[in-house]
Amino acid sequence: MKQLVIAERICLIGHIVSMLFGLVGILIVVPNAEVIFHLSEFGQTAMQWSMSGGGVVYMILGTASVFLYGLRTLGLGRILAFMLPAILISLTSELLGTSTGFPFGHYSYLSGLGYKIAGLVPFTIPLSWFYVGCSSYLLGRAGLQVDTKPSWWRHLCAIALGSLLLTSWDFVLDPAMSQTSLPFWYWQQPGPFFGMPYQNFAGWFGTGAVFMTVAALLWKNNPIKFERSQLNVPLVVYLANFGFATVMSLAAGFSIPVVLGFIWGVAPSLALWLKASAVSAQVETESSSKDVSVANI
């Protein structure tokens with residue numbers, strides 16, 4: 001178990017560091033190409049690596065960190081029961097979107113995010129749906145106490161909140177990533193929300209809700225009992241990726257998406273984490289009290 005934790009932390013730190021390298025490359029090096037000539041040989045190599053494969057690496061490391069976290073806290077069966085539907089369903093949505101315009105609108109991916117499946121969707125895109133989607137859903141599920149006070153209403157609300165957190169990340173990410181000096185995708189029919197069609201948000205929310213529902217059904221008979229500290233990784237993953245998107249959007253001059261993202265994404269994620277932590281602490285206290293009582297008797 002110790003080795004698993006170490007591997008998980010290495011991947012998580014690498015994920016965050018890779019995003020930082022990507023920000024430096026996209027926001028400083030690309031607009032000011034002459035900067036690279038003033039760097040040391042090591043610095044030039046690092047920047048070239050960042051530009052050629054940084055996007056691929058940070059998404060692979062994000063996937064690895066969340067998978068290892070899920071393996072440690074949920075078990076192999078449950079993390080695969082989330083991962084496989086998330087990847088397959090999001091890939092299906094992305095392939096439909098890039099070929100027909102449904103459910104996100106008409107768009108196409110450019111280079112920079114790795115090999116394209118069917119020549120349309122980079123293989124890293126479904127991975128990002130998985131690791132941000134899993135983090136979002138776990139925050140919603142634990143914060144609403146789905147597994148300690150199970151009900152169909154709590155299940156539905158957890159799916160809705162998880163999908164909202166996932167979509168709020170896209171509020172901030174999509175405008176910048178499609179309009180930066182080094183864009184990763186473009187809209188063939190730009191929409192009214194900073195170049196994005198409103199349909200895009202419905203597509204994101206709907207796709208997330210579908211694979212989270214599938215996971216909830218597969219997890220139905222396997223309740224999840226989190227300890228107090230076990231939501232730290234999902235929160236860090238969500239906030240780190242939101243931070244990356246925020247810096248990109250602010251650098252592009254898009255402040256309104258960031259504000260909306262904070263209202264509908266960051267604030268709820270922190271509230272859910274705090275709620276889940278408080279509940280876990282209460283459970284731990286009650287358990288300790290029972291242990292003391294038994295010992296006294």
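No experiment lies behind these values; they were computed from the predicted model shown.

The next point concerns the pattern of salt bridges. Tallied over the entire structure, the rule returns three salt bridges. Across the pair D147 and R141 runs a salt bridge, and its minimum N-O distance is 2.7 Å. Taken individually, D147 and R141 each receive the classification buried, so the pair is uniform in this respect. One network of salt bridges, with partners in common, ties together E8, R9 and R72.

It is worth spelling out the nonpolar core at this point. Most often, soluble globular proteins have nonpolar side chains that are buried together. Grouped together as the largest cluster of nonpolar side chains are 72 residues, with contacts concentrated most on F82 and F130. For this core, the element with the highest residue contribution is helix 4 (residues 124–143), accounting for 11 residues. Dropping the residues within four chain positions of it, F130 is found in contact with T63, V66, F67, I79, F82, M83, A86 and I87.

With that settled, the discussion passes to the packing of helix 3 (residues 76–100) against helix 4. For the pair helix 3 and helix 4, the least separation of the axes is 8 Å and the interaxial angle reads 130°. Here helix 4 runs oblique to helix 3, going by the angle between their axes. The chirality of how helix 3 crosses helix 4 is right-handed. Between helix 3 and helix 4, the residues in contact are I79, F82, M83, A86, I87, S90, L91 and E94 and I125, P126, L127, W129, F130, G133, C134 and Y137, respectively. Considered class by class, the residues forming the contact of helix 3 with helix 4 number 13 nonpolar, two polar and one charged.

The next thing to look at is unusual backbone geometry. F102 connects to P103 through a cis peptide bond whose omega is 10°. When you line up the elements, P103 lands in the loop between helix 3 and strand 1 (107–109). One non-glycine residue, F194, lies in positive phi territory at about 50°. A residue is classified by how much of its surface remains accessible, and F194, at 27% relative accessible area, is partly exposed.

Look at helix 4: 29 Å from first C-alpha to last across 20 residues, which is about the 28 Å you get at 1.5 Å a residue. Counting buried residues along helix 4, 20 of its 20 residues qualify, which places the element largely inside the surrounding structure. Of the residues one or two after helix 4, Q145 is the one with positive phi, at around 55°.

Looking at where S178 falls in the secondary structure, it is placed in the loop between helix 5 (152–177) and strand 4 (185–187). Among the polar contacts made by the side chain of S178, one reaches the main-chain carbonyl oxygen of D174 at a distance of 2.8 Å. Side-chain polar atoms of S178 contact the backbone oxygen of P175, separated by 3.3 Å. Discounting chain neighbours no more than four positions away, the residues touching S178 are P183, W185 and W187.

As for its position among the elements, S108 is in strand 1. Judged by relative accessible area, which is 16%, S108 ranks as buried. Among the polar contacts made by the side chain of S108, one reaches the side chain of Q188 at a distance of 2.5 Å. Ignoring anything within four residues of it in the chain, the contact list for S108 reads W185, Y186 and Q188.

Their axes nearest at 8 Å, the elements helix 5 and helix 7 (residues 232–251) cross at an angle of 30°. Comparing their axes, helix 7 and helix 5 come out roughly parallel. In the crossing of helix 5 with helix 7, the sense of the turn from one axis to the other is left-handed. Across the interface between the two elements, L165, S168, W169, V172, L173, A176 and M177 of helix 5 pack against Y238, N241, F242, F244, A245, T246, M248 and S249 of helix 7.

As a further point, take helix 3. With 25 residues, helix 3 extends 35 Å between its outermost C-alpha atoms, agreeing within 8% with the 36 Å of an ideal straight helix rising 1.5 Å per residue. In the stretch just after helix 3, G101 is the one whose phi turns positive, near 95°.

Next up on the list: the UniProt feature "transmembrane region" (unreviewed entry) in the protein chain. Within the UniProt annotation, "transmembrane region" (unreviewed entry) is assigned to residues 12–30, 50–71, 78–97, 117–140, 152–172, 201–219, 231–248 and 254–274. Overall, residues 201–219 shows 95% helix and 0% strand. The separation of its end C-alpha atoms is 27 Å.

Conventions used here
- Residues numbered from 1 in each chain as written.
- Predicted model: local features only at pLDDT ≥ 70, side-chain atom pairs only at ≥ 80, totals over all residues.
- Heavy atoms only, no water.
- Salt bridge = Lys/Arg side-chain N within 4 Å of Asp/Glu carboxyl O.
- Buried < 20%, exposed > 50% of the residue type's maximum accessible area, 1.4 Å probe, protein only.
- Core = buried A, V, L, I, M, F, W, Y, C linked by side-chain atoms within 4.5 Å.
- Helix = DSSP H or I, 4+ residues; strand = E, 2+ residues; numbered from the N terminus.
- Contact = heavy atoms within 4.5 Å.
- Axes fitted to C-alpha atoms, helices over the stretch in contact; angles between N-to-C directions.
- Parallel < 35°, antiparallel > 145°, perpendicular 65-115°, else oblique.
- Left-handed = near helix turned anticlockwise from the far one by under 90°.
- Nonpolar A, V, L, I, M, F, W, Y, C, P; charged D, E, K, R; others polar.
- Expected span 1.5 Å × (residues − 1).
- Polar contact = N/O pair within 3.5 Å; in protein donor to acceptor, adjacent residues only side chain to side chain.
- UniProt positions renumbered as here; feature names shortened; annotations may be inferred.

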